[in-house]
Amino acid sequence: MEHNPYLPQLARIISIKEEVGGARPIKTFHLELLNGHRFDFRCGQCAMISVFGKGESMISISSSPLIKEYLQFSILKMGRVTTALHEMEEGSIVGLRGPYGNGFPLEEWKGKNLIFIGGGIGLAPIWSVLQTALRQRDDFGQLTLFYGARTSQDLVFKDELKKLKETIPVYLSIDVKEPGWNEYVGFVPQNVLDKKPSPEKAIAITCGPPIMIKFVIKGLQELGFQDDQIFTTVENKMKCGIGKCGRCNIGHHYVCKDGPVYSWARLKTLPQEY
Ligand SMILES: Cc1cc2nc3c(=O)[nH]c(=O)nc-3n(C[C@H](O)[C@H](O)[C@H](O)COP(=O)(O)OP(=O)(O)OC[C@H]3O[C@@H](n4cnc5c(N)ncnc54)[C@H](O)[C@@H]3O)c2cc1C
Ligand code: FES
């Protein structure tokens, strides 16, 4: 019988961590595939996670492909599927199909300084690249992270960020001043302009709300970054994930196949439908 690309594999939730509480909660899930299935992927690729009886959602894989024990997904509670996921418990079974999308061209970045710039849940796809570069430390130059959220409570991976600060420069920011916050107050693009990372031998990777990405790119250009030194991801709404339904298109391009990762040099030539 012909392989049905819509059929998910079964996966077990092996751990759930609450990253952010409140009105826009985020949880991080570790999944393991059942029945001996494998799932090889590249940094920046995504997977469709299904909750049976509820539907499917496209989510970035936030762990490094070098980790074989689990797949990590950090998920913001939004609507039907993500709410159902947030209500699940460790040991529950979900569906998983993928990996989808092009991923970041890490091989081409060897020897370069990598500057990661994330906002809110947008740290998830970036995290996979950062964790991979940390595990292959000799292959890359300096690693730097800029990361911001609305409040300190809205930052994801808080424990991991604390540890990361011992290894690489990490510039955190929140939008509005809070008691006890000793780091930058203001938007992520301003923090980047303030610290002035050098464009020399550098690649900047940014992911977050579209308005943040827009001003990060503008700021990077002011600092002298060329369009082919800036990479971002596009999160157009998706249904099939495999270039069949036409839901995710930018002009004639399907983001689920041609993206979600684009250099700014490429993205700026496409219609602004993202
Ligand atoms: C390439 C890609 C990577 C993503 N990575 C992450 C991630 O790492 N973490 C995370 O929390 N979210 C991520 N999202 C967004 C996530 O897919 C949506 O928040 C989720 O599908 C909402 O589904 P829902 O049923 O809970 O909400 P509903 O609002 O009920 O959504 C109904 C349907 O609309 C579509 N949809 C709604 N919002 C979005 C959206 N923003 N993007 C795409 N489709 C949407 C989905 O097909 C969904 O099934 C990503 C989206 C894309 C396209
Ligand atoms: S999600 Fe169906 S074509 Fe891209």
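Keep in mind that what you see is a predicted model, and the values were worked out from it rather than measured.

What counts and what doesn't
Residues numbered from 1 in each chain as written. Chains lettered and ligands numbered in written order. Predicted model: local features only at pLDDT ≥ 70, side-chain atom pairs only at ≥ 80, totals over all residues. Heavy atoms only, no water. Pairing = 2+ DSSP bridges. Helix = DSSP H or I, 4+ residues; strand = E, 2+ residues; numbered from the N terminus. Axes fitted to C-alpha atoms, helices over the stretch in contact; angles between N-to-C directions. Domains from an automatic or database assignment. Contact = heavy atoms within 4.5 Å. Buried area = accessible area lost by both parts, 1.4 Å probe. Patch = residues over 30% accessible without salt bridge, like charges linked within 9 Å, V, L, I, M, F, W, Y side chains within 5 Å. Areas by Shrake-Rupley, 256 points an atom, 1.4 Å probe, with all protein chains shown as cover. Salt bridge = Lys/Arg side-chain N within 4 Å of Asp/Glu carboxyl O. Buried < 20%, exposed > 50% of the residue type's maximum accessible area, 1.4 Å probe, protein only. Right-handed = clockwise from strand over helix to strand, strands pointing away. Near = heavy atom within 4 Å. Polar contact = N/O pair within 3.5 Å; in protein donor to acceptor, adjacent residues only side chain to side chain. Nonpolar A, V, L, I, M, F, W, Y, C, P; charged D, E, K, R; others polar.

**Comments concerning the sheet that holds strand S2 (residues 26-33)**
Hydrogen bonds between backbone groups are what pair the strands of a sheet, and the pairing can be parallel or antiparallel. Ordered by their spatial adjacency, six strands build an open sheet running S4-S3-S6-S1-S2-S5, and the pairing between neighbours is antiparallel. Bordering the open sheet on either side are strand S4 (55-60) and strand S5 (71-76), each of which pairs with just one other strand. Taken pair by pair, the neighbouring strands of this sheet meet at an average axis angle of 40°, ignoring direction. Of the pairings in the sheet, the one linking S2 to S5 comprises six bridges and is antiparallel in character.

**Quick look at the domain arrangement of the protein**
Splitting the protein by domain gives domain 1 (9-100) and domain 2 (106-233). Each of domain 1 and domain 2 has a C-alpha centre, and these two points are 24 Å apart. Domain 1 puts 21 residues into the contact, and the matching count from domain 2 is 20 residues. For the pair domain 1 and domain 2, the summed buried area comes to about 1400 Å², and 61% of that belongs to carbon and sulfur atoms.

**Section: a nonpolar patch on the surface**
Together, Leu10, Phe52 and Ile93 make up a nonpolar patch on the protein surface, roughly 250 Å² of accessible area in all. Assignment of secondary structure puts Phe52 in the loop between strand S3 (46-51) and S4.

**Re the pairing of strand S9 (residues 170-174)**
Of all the five residues making up S9, four are buried; the element is thus mostly covered by neighbouring parts of the structure. One ladder, built from five bridges, connects strand S8 (residues 143-149) with S9; its direction is parallel. By the bridge assignment, Phe146 is partnered in S9 with Tyr171. Between S8 and its parallel partner S9, the chain crosses via helix H3 (residues 158-164), and the hand of that crossover is right-handed. As defined by bridge partners, S9 adjoins strand S10 (residues 184-185) across two bridges and the pair is classed as parallel. From the neighbouring strand, Ile174 faces S10, where its bridge partner is Val185.

**So, the site of ligand 1**
As a structural note, the neighbourhood of ligand 1 is formed by 21 residues, with Ser57, Met58, Leu76, Thr82 and Met238 the closest of them. Within the side chain of Ser60, a nitrogen or oxygen atom sits 3.1 Å from a nitrogen atom of ligand 1. The fraction of the free accessible surface of ligand 1 (820 Å²) that becomes covered by protein chains is 83%. Elements that contribute at least two residues to the shell around ligand 1 include exactly S4, S5 and helix H1 (80-86). Looking at which element gives the most residues to the shell around ligand 1, the answer is S4, with five residues. Residue composition of the shell around ligand 1, grouped by class: ten nonpolar, six polar and five charged.

**Structural notes on the sheet that holds strand S11 (residues 202-207)**
Reading across from one edge, S10-S9-S8-S7-S11-S12-S15 is the order of the seven strands in this open sheet, with mixed pairing throughout. One side of each edge strand has no neighbouring strand; the edge strands of this open sheet are S10 and strand S15 (261-263). One ladder, built from six bridges, connects strand S7 (residues 113-119) with S8; its direction is parallel. Paired with Gly118 across the bridge in S8 is Tyr147. In the packing of helix H5 (residues 210-222) onto the sheet, contacts are made with S7, S11 and strand S12 (230-233), and the angle to S11 comes to roughly 160°.

**Side note on the pairing of S2**
Side-chain positions along a regular strand alternate between the two faces of the sheet. Summarising burial for S2: seven of the eight residues are buried, a large majority. As paired elements, strand S1 (residues 9-20) and S2 share eight bridges and run antiparallel to each other. Following the sheet pairing, Ile13 is matched in S2 by Leu31. Where S1 hands over to S2, the hairpin turn is made up of five residues, of which Gly22 adopts a positive phi near 75°.

**So, the environment of Arg150**
By secondary structure assignment, the location of Arg150 is in the loop between S8 and H3. Judged by relative accessible area, Arg150 falls into the partly exposed class, the value being 47%. Separated by 29 residues in the primary sequence, Arg150 and Pro179 place their C-alpha atoms 14 Å from one another. In this view, Arg150 contacts Arg24, Ile174, Asp175 and Val176; residues no more than four positions away in its chain are not counted.

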